[in-house]
Amino acid sequence: MKKKILKVIQKYTLKIYKNKKIEKKSFQELGIDSLKTVEMIAEFENKFKIQFSDKELNRKAFQSVDNFIKVILKKL
């Protein structure tokens, strides 16, 4: 499941990160701006049939890809 999640996230990163380990990187480091973040969240909600609350999508969730993956895995 983690690989599927990473594959979606990598679609929204800068091209230099497409085939690299990104788990410890922040969304800002990966070039994922606020618009891309909203699009990515919508894709996760549609793809995995989940809904995120504002509380779940806090600043800590976006400090690293690992943190965001943990949020998603809790919803599944």
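Residues numbered from 1 in each chain as written. Predicted model: local features only at pLDDT ≥ 70, side-chain atom pairs only at ≥ 80, totals over all residues. Heavy atoms only, no water.

Let's shift gears to helix α1 (residues 2–11). Of all the positions in α1, only Ile5, Leu6, Val8, Ile9 and Gln10 are classed as buried. Taken together, the buried residues of α1 touch α2 (34–48) and α3 (65–75). (Buried < 20%, exposed > 50% of the residue type's maximum accessible area, 1.4 Å probe, protein only. Helix = DSSP H or I, 4+ residues; strand = E, 2+ residues; numbered from the N terminus. Contact = heavy atoms within 4.5 Å.)

What follows concerns the nonpolar core. Grouped together as the largest cluster of nonpolar side chains are 22 residues, with contacts concentrated most on Ile9, Met40, Phe44 and Phe68. Sorting elements by how many residues they give to this core places α3 first, with 5 residues. Ignoring any residue separated from it by four or fewer positions in sequence, one finds phenylalanine 68 in contact with Ile9, Phe27, Met40, Ile41, Phe44, Leu57, Ala61 and Phe62. (Core = buried A, V, L, I, M, F, W, Y, C linked by side-chain atoms within 4.5 Å.)

Moving on, we get to unusual backbone geometry. Even without being a glycine, lysine 49 presents a positive backbone phi close to 55 degrees. Among the structural elements, lysine 49 can be located in the loop between α2 and α3.

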